[in-house]
Amino acid sequence: MADESGTIAKISDLAKESKFKSKSARWIPRIPLTVLAPGLVLCALVAVVVPNTVILQQASQESTQFLSDSYLSAMMGDVKYKVLTTVQRLYPSLDAVVDSPEVAASFPNNLDHMETDITIQKLAMLKKTTGADSVSCLMGRWNDGYNNTSPINLNTVNTTFITVLVDPVDKKETVANVKDFRNRTHSSYYKLDPDTLMPLTPNAPYFIGKADQTATYSVRAQLGVPSIPAKTMHYYTLITTTLGSRLANVARLRFMAANSPNPTYACAAGIRVDSSWNALLNQSKPSTSSVVAMLSQKNLTLVASSNTFLSNIFNVTGDTFGDAVATYDNFTLALRDSVYNRFGNFNMAVGNGFNSYVDSVDGGEPWIINMSPVNFSTYVDTDSVLVVAAIPRKDLFGVIDAAKKRSTSTVIGISVAMGVLVTSVFVAVALPLMKLAKAMGVLTNLDFAQLEESKVMDGNSLIWELYNVQTTFSTMVKAFAGGIKKNKEMVNRIATNSGSKSGGGVVSSKLGGGRTINAE
């Protein structure tokens with residue numbers, strides 16, 4: 001092929017010059033079908049599966065949260081009921097002793113020989129019927145020359161009391177700890193007759209111990225200390241005994257005259273915190289891994305816990321008793337610190353009556369911490385404790401969290417599998433199309449031999465529409481090749497005929513732009 005200047009033009013060059021070029025600018029690059037189609041499918045999967053998965057997971061989370069809240073609320077109610085019952089069940093029997101005519105007639109007046117006082121029997125019966133760890137009556141009076149403006153100590157105040165408790169040495173028999181005005185600093189321990197519930201040897205105590213009750217609330221109320229209001233109803237107090245053990249006491253003051261500003265004496269029944277209450281909390285644990293504790297109203301200090309260590313060791317050195325005291329484990333101490341650091345005081349921790357939060361108490365896994373107050377009397381500003389229950393979050397939400405992970409993994413797996421499957425399908429579709437596009441490029445060069453070798457003319461696609469395109473293209477190429485062949489034969493005949501008439505020459509076919517294709 002030659003242009004007007006005589007230069008031979010190749011068909012491939014003409015194909016390059018004739019190549020279609022879009023005149024409109026594009027800001028977005030063209031996207032391959034093998035990328036677009038899987039992307040659209042994945043978007044569709046995400047649009048359908050993700051919202052449904054999120055909704056289902058949220059519903060399961062809310063259901064689990066509701067059930068766990070209900071469970072924890074019920075569990076807290078059960079713990080509160082058991083703790084409160086241990087105290088309130090003492091009220092009727094305690095009232096019977098406080099209001100007893102025998103006690104009222106004997107105890108306040110028998111200041112020198114309390115080991116024979118009928119009050120011992122009354123208190124022993126109260127302990128036996130209620131199961132209290134300790135019951136007592138106590139009275140305090142100013143010594144001559146002192147009054148409610150004087151300092152309170154063993155020199156200015158004298159006390160008399162009777163306490164019936166389990167023998168602190170053998171932990172079996174019931175004994176009476178008695179002190180009267182004959183000795184200001186010490187008390188005497190007597191073993192009781194199991195039948196009469198009175199001292200077996202009133203003239204020979206088997207042990208003498210230290211005794212100082214001047215700092216107790218009931219003594220100060222009897223002394224008329226101006227800053228100590230006298231409570232007319234049952235009240236609760238936590239005391240540490242001379243044995244070193246702690247008692248949760250419920251007590252009542254006795255006013256001999258209705259208009260008397262100061263009570264005459266007080267009686268109390270107590271639950272030993274380091275054994276009875278700790279054991280009760282241990283039995284109330286919702287799971288073996290959980291912890292239930294009680295914190296005081298003042299400074300949120302630890303009162304009792306389900307996780308304690310209590311030895312049975314009892315030491316006696318001279319006149320000093322050393323009872324075994326519970327030791328809290330590290331988690332209980334960390335739990336108390338968590339509550340205190342978060343709320344700072346009892347009222348903030350109580351909230352509206354029930355508080356709950358999640359915290360990694362010991363720096364490890366998250367724990368669900370629930371809190372609720374227990375009011376032992378009508379004096380809620382002073383006679384309350386905070387019950388705290390901590391349970392590992394995995395104990396309640398472990399199943400739903402595992403299901404959520406499985407669901408998420410399944411959704412991701414299905415999405416990836418569908419993406420791979422769709423990509424494979426569209427690759428199977430796109431590859432024949434790419435071959436067709438390449439074949440069309442070869443066709444612009446009229447290189448029929450290369451088309452034949454590429455086997456692109458064999459329409460074997462499984463896709464019906466693509467198969468039609470392949471067969472149509474093959475038919476078109478064959479028709480085009482046949483047309484060129486016939487045209488060439490016709491040109492050659494014309495050239496032969498013209499040559500025989502004119503003596504030979506070259507016949508050319510005129511193309512656009514003044515170029516010709518030689519038909520030689």
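Residues numbered from 1 in each chain as written. Predicted model: local features only at pLDDT ≥ 70, side-chain atom pairs only at ≥ 80, totals over all residues. Heavy atoms only, no water.

Draft legend 1. Layout of the environment of V420. Here V420 lies in helix α10 (residues 393-443). According to the relative accessible area criterion, V420 is partly exposed, its value standing at 49%. In the structure, V420 is positioned 378 residues away from L42 in sequence and 9.9 Å away in space, judged by C-alpha atoms. (Helix = DSSP H or I, 4+ residues; strand = E, 2+ residues; numbered from the N terminus. Buried < 20%, exposed > 50% of the residue type's maximum accessible area, 1.4 Å probe, protein only.)

Draft legend 2. Quick look at the sheet that holds strand β15 (residues 355-359). Within the open sheet, the five strands sit side by side as β10-β9-β17-β16-β15. Their pairing is antiparallel. Each having just a single partner strand, β10 (302-305) and β15 make up the two edges of the open sheet. With strand direction ignored, the average angle separating the axes of adjacent strands in the sheet is 25°. As paired elements, strand β16 (residues 367-375) and strand β17 (residues 384-392) share nine bridges and run antiparallel to each other. Paired with N370 across the strands is A389, a residue of β17. Here helix α7 (residues 273-283) sits on the sheet in contact with β9 (291-296) and β10, set at roughly 55° to β10. (Pairing = 2+ DSSP bridges. Axes fitted to C-alpha atoms, helices over the stretch in contact; angles between N-to-C directions. Contact = heavy atoms within 4.5 Å.)

Draft legend 3. Local environment of the side chain of T163. Locating T163 in the fold gives a position in strand β2 (residues 157-166). Under the relative-accessibility criterion, T163 is labelled buried at 14%. What T163 contacts, discounting residues up to four positions off in sequence, is S134, V135, S136, V175, A176 and N177.

Draft legend 4. Molecular detail of the side chain of K179. Looking at the element boundaries, K179 is found in strand β3 (residues 174-179). No salt bridge is formed by the buried K179, whose closest oppositely charged neighbour, D180, lies at an N-O distance of 6.4 Å. One polar contact links the side chain of K179 to the main-chain carbonyl oxygen of N183, over a distance of 3.0 Å. In this structure, K179 is in contact with M114, N158, T159, T160, F161, R184, T185, H186, S187 and A211, ignoring residues within four places of it in sequence. (Lys, Arg positive; Asp, Glu negative; His and termini not counted. Salt bridge = Lys/Arg side-chain N within 4 Å of Asp/Glu carboxyl O. Polar contact = N/O pair within 3.5 Å; in protein donor to acceptor, adjacent residues only side chain to side chain.)

Draft legend 5. Looking closely at the sheet that holds strand β8 (residues 265-272). In space, the eight strands of this open sheet follow the order β5-β4-β3-β2-β1-β8-β7-β6, with antiparallel pairing throughout. In the strand order of this sheet, the two ends are held by β5 (207-210) and β6 (235-240), each with one partner. The mean angle between the axes of side-by-side strands here comes to 25°, regardless of whether they run parallel or antiparallel. Across six bridges, β6 lies against strand β7 (residues 246-254) in antiparallel orientation. Opposite I239, over in β7, you have L247 as the bridge partner. Sitting on the sheet, helix α3 (residues 91-98) touches β1 (134-142), β7 and β8, and the angle it makes with β7 is about 50°. The strands that helix α5 (residues 119-130) touches are β1, β2 and β3; relative to β2, the one it contacts most, it runs at about 40°.

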